[in-house]
Amino acid sequence: MAVFCFHNNPSRKQNYYYYFQMGQKCIHCGEDCGKYPIMWLDKPFCCNGCKTVYQLLNENKLFSYYDMEDAPGIKIDTEDFGSKYAYLDNEEIKEKIFDFSEGDYKKVTLYIPSIHCSSCIWLLENLHTLNKGVTNSIVNFIKKEVSITFNEKEITLRRLVELLASIHYIPNITLERIDKSKTKKSNKQLILKMGVAGFAFGNTMLLSFPEYVKGTMGIEKEFEMVFGFLNLLFGIPVVFYSGSDYLLSAWKNLKHKIINIDMPIAIGILAIFLESSYEIISESGAGYMDSLTGFIFFLLVGKWYQAQTYQALSFERDYKSYFPVAVTKLENNKEQSILLENLQKGDYILVHNQELIPADAILQKGEASIDYSFVTGESKPIRKKVGDTLFAGGRQIGSSIELEVQTKVEQSQLTKLWNQNENTHANNSLSTIIDKVSKYFTITILSIATLTAFFWLIVDSAVALKAFTAVLIVACPCALALSIPFAYGNIMRIMGKRGFFLKNSEVIERLAKIDTIVFDKTGTITQNDDYKINYFGEPLEQEEKAQLKSLTRNSTHPLSVAIYKNFPDVEQTSVEEFRELPSRGLIGQFNKVKLKIGSEEFINKIIENKSDTSSTVFVSFNEKTKGYFKINTKYRNGLKDLIDELAIDFDLHLISGDNDSEKQNLSPLFKDEKKLHFNQSPQDKLEYIKTLQGKGKNVLMIGDGLNDAGALSASNASISIADNVYHFSPACDAILEANKFNRLTKLLKLSGSAIKVVKTSFILSFLYNVIGMYFAVTGMLSPIIAAILMPLSSVSVVAYVTLTTSMIAKRNSNK
């Protein structure tokens, strides 16, 4: 029923209409709006807070927030924050909270307990539309954390937190979290709850023993009553302390109209407890407190066992320890390549043009121009002088710089940054399918349990409660949800051991869908450390050799490295105004001498057709061509066999920024000359990838990350080839060690096998639920046995996917 009411406010000389409708729900949070909802654009709201959030989203065109869930928001308690968050203006506190701080750009990770659904994730990852000062925000749903990068000139930390609080995503900022001193408190709590439940279970079993063996004479009424009330006293702390996590989780989610996996368990616990309490208090029966305490005890044991099993099978630590970021260490005026994990505080390192700074360090020598877009999303370079601190994740733009490492190197920091810059791909992964299935799983189980209870109440009321509870407990989508992270996690760990490092688990699915592979040439299919170099032209003077060596030292391009190594005994000199032009060459200033090296077009403005198969690098001093280097590189070992293997299942292409001098050698390998493209600029490579995708191709780009970052980023999946000394490219989805290049076919097939294992585990999980449900519905399964089976099902599926992927990987390796 809808009623329009007229109200006159004489003080403001305005007329207001109130819209009244019984049972109207708030469009934002779903709460009952009461008799007089607050209306805006003909939409009802329960309070001004909800209306404010809706208006904010509406003004910023964030309509999709309401498409993901019905009434996804949380009821707002409007308040004037006043000085509540004033402490966040304190510089000392801010420095403790910031993960990153450089100039105006800051990064902070905040714990937000109220993150509860996909709409929350969507809104929090679109904070930049609510305030332009936010440049990037990423949600970790499992940890309920959001990492936010923002410009402090546009929005302060205090204002950022107030913005979050205004839409009721209130950060939990505590001293413990500020000091990063996380403890194992939650694990101790679980063990304590398990101890209480176990103690109560043992005693209730003892007290219930006479009930099971009382025979024909029974036990005295007084003892039966005393034992019953003792069982009740043991049951209360078990239910409301040991089982509190299940009850609270179900209640909190129910308040937000979410039915999660804890809901059936909570209903089962309360059903047994209330029924048992009624029987004991009314003296109509002995109740089922022994079953209840045993049920909760085994649930907690299963929870603990799962945690221990998952920790033992965890791939994250191993994966990070294998992550192969190499750096150039300076020691006794010599350069040596070492793995990042071996870098220590106090070491001096050399960072070349376009390379990432691996750890927080102090600039000791050189002109630093740092691009922090990898961290902040803002690509404007920041000038730094000797003595300034440089943060991990910054990219040097210009000549090489020497740094002194100041902090312990954490590979996980680069790994997180790598994942932060993930591209957006079609959201049709297996994980998405599981999320959709899990969403309706609990509702289906509740319906089956209710029907089962009604059936047994008619047939045999003594079985009804047991069957109802068993159905709620035995069915579990956990095995379904866990199969993907553990199958993919194990594959990532195995691939890491084999020199193939994936950005995240989603890459496995994308690699399995690939039908087209595009190769770069230099540094990808050619070896960087096996070449023959010759110089032709006017003889180089010693000073010119020094200038050449100094210029090429700043670049990590394979041809630059080859020229640099060609002058091992030549002293270096300082270079000014260094620039590296992708696919063209290098420029540097030495006092009054301008040195340029690069392609013939870059130096001479013309291209002459050459019949030889070498790469040519021209040299000019003050715009006068001096000569050129011919560099004969060798193809990587096993290239022909690899191309032949890949050609069976994939459409192969090659794009290169070099001239077509290698065309006659590559044509027999790739068969079709139309798929070989030379003299390609970075933009040309990018457009070529987009053209293939426009034809419906799923493209894998394989490059070295130097001149093809755009193409790597745009492709459906991308692999960067890594030699001992290499340029780490955040644009790629995976890194393949160069000496494992000939194993690429096997590694791609391993991705496909992982998908099959996951699908098989889905079937096993489904069969477990069907069989378990059958025994539960027919009343042949007790709640205690169901509580034991539920965690065992998850562990068995995890064990299956882990062992199966390991066996497949071993068989794949032996082929």
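Asks: Looking at this structure, how should I read the pairing of strand 12 (residues 361–365)?
Replies: On a regular strand, one side chain projects to one face of the sheet and the next to the other, so that they alternate. The sheet contact formed by strand 12 and strand 15 (residues 389–390) spans 2 bridges and is antiparallel. The residue bridging Ile362 from the neighbouring strand is Thr389, located in strand 15. Summarising the sheet, strand 12 and strand 17 (residues 401–405) pair through 4 bridges and their orientation is antiparallel. Opposite Ile362, over in strand 17, you have Glu404 as the bridge partner.

Asks: Got a minute to help me understand the sheet that holds strand 7 (residues 134–140) in this structure?
Replies: Across the sheet, which stays open at both edges, the 4 strands sit in the order 5-6-8-7 with antiparallel pairing between neighbours. The open sheet is flanked by strand 5 (98–102) and strand 7, the only strands paired with a single partner. Taking the axes of each pair of neighbouring strands and ignoring which way they run, one obtains an average angle of 10° across the sheet. With 4 bridges joining them, strand 5 and strand 6 (residues 105–111) adopt antiparallel strand pairing. Looking across to strand 6, one finds that Phe100 is bridged to Lys107.

Asks: Any chance you could explain unusual backbone geometry here in plain terms?
Replies: Trans is the common state for peptide bonds, and a negative phi is the common state for residues other than glycine. Unlike most non-glycine residues, Asn622 shows phi in positive territory, near 50°. A relative accessible area of 43% places Asn622 in the partly exposed class. One non-glycine residue, Asn679, lies in positive phi territory at about 55°. In this fold, Asn679 is placed in the loop between strand 27 (676–677) and helix 24 (682–694). Judged by relative accessible area, Asn679 falls into the partly exposed class, the value being 42%.

Asks: For this particular structure, what's the right way to read the packing of helix 22 (residues 639–649) against helix 26 (residues 744–777)?
Replies: Packing of helix 22 against helix 26 leaves a shortest axis separation of 9 Å and a crossing angle of 30°. The segment helix 22 lies against helix 26, with Leu642, Glu645, Leu646 and Asp649 engaging Leu744, Thr745, Leu748 and Lys749. Its residues assigned to classes, the contact of helix 22 with helix 26 comprises 4 nonpolar, 1 polar and 3 charged.

Asks: Hey, could you run me through the pairing of strand 28 (residues 699–703) in this one?
Replies: Among the 5 residues that make up strand 28, 5 are buried, leaving the element largely enclosed by the rest of the structure. Relative to strand 28, strand 19 (residues 516–519) runs parallel, the two being bridged by 4 bridges. Looking across to strand 28, one finds that Phe519 is bridged to Ile702. Sheet topology note: the strand 28/strand 29 (residues 717–722) ladder contains 4 bridges and is parallel. Residue pairing in the sheet places Gly703 in a bridge with Ser720 of strand 29.

Asks: In this structure, what is going on with the side chain of Ser667? I would like to understand it.
Replies: Positionally, Ser667 belongs in helix 23 (residues 663–670). When neighbours within four sequence positions are excluded, Ser667 is seen to be in contact with Glu673 and Leu676.

Asks: Which parts of the structure should I look at to understand the packing of aromatic side chains?
Replies: Each aromatic ring pair is summarised here by two numbers: the centre-to-centre distance and the angle between the ring planes. Using the criterion set out here, one finds 12 aromatic pairs in the structure. An angle of 55° between the planes, with centres 6.1 Å apart, marks the rings of Phe98 and Phe150 as tilted. A residue pair is termed long-range when its members are at least 10 positions apart, and Phe98 in strand 5 and Phe150 in strand 8 (residues 145–151) qualify at 52 residues. Residue classification places Phe98 among the buried positions, given a relative accessible area of 9%. Ring plane angle 65° and centroid distance 5.9 Å describe the contact between Phe199 and Phe234, whose orientation is recorded as edge-to-face. Here the residue Phe199 occupies a position in helix 7 (residues 185–212), and Phe234 occupies one in helix 8 (residues 221–242), the gap between them amounting to 35 residues. Residue class for Phe234 comes out partly exposed when judged on its relative accessible area of 21%. Each member of the aromatic cluster is reached from another via a ring pair, and the members are Phe519, Phe670 and Phe741. Just above the ring of Phe536 sits the side chain of Lys630; from NZ or CZ to the centre is 5.2 Å. The lysine or arginine in question, Arg636, covers the ring of Phe741, its NZ or CZ lying 6.0 Å from the ring centre.

Rules and cut-offs
- Per chain, residue numbering runs from 1 following the sequence as it is written.
- Selection of residues for local features in this predicted model requires a pLDDT of at least 70, selection of side-chain atom pairs for listing and counting requires 80 or more, and totals for whole chains, interfaces and linings are taken over all residues.
- With hydrogens and water excluded, all non-hydrogen atoms of the structure serve as input to the side-chain values.
- Paired strands are those between which DSSP finds at least two bridges.
- Here a helix means four or more residues in a row that DSSP labels H or I, a strand means two or more in a row labelled E, and each is numbered from the N terminus.
- Comment: axis = line fitted to C-alpha atoms, over the contacting stretch for helices; angle = value between 0 and 180 degrees taken between N-to-C directions.
- Only protein chains enter the area calculation, which uses a 1.4 Å probe; residues under 20% of their type maximum are buried, those over 50% are exposed, and those in between are partly exposed.
- Here, two residues are considered to be in contact whenever any of their heavy atoms come within 4.5 Å of each other.
- Residues are sorted three ways: Asp, Glu, Lys and Arg are charged, Ala, Val, Leu, Ile, Met, Phe, Trp, Tyr, Cys and Pro are nonpolar, and all the rest, Gly among them, are polar.
- To pair, rings of Phe, Tyr and Trp, with the six-membered ring standing in for Trp, must have centres within 6.5 Å; the planes then decide the type, stacked if under 30 degrees apart, edge-to-face if over 60, and tilted in the middle.
- The rule for a charge over a ring is simple: NZ of Lys or CZ of Arg within 6 Å of the ring centre, and within 35 degrees of the ring normal.

Just distances and angles here, no functional claims.
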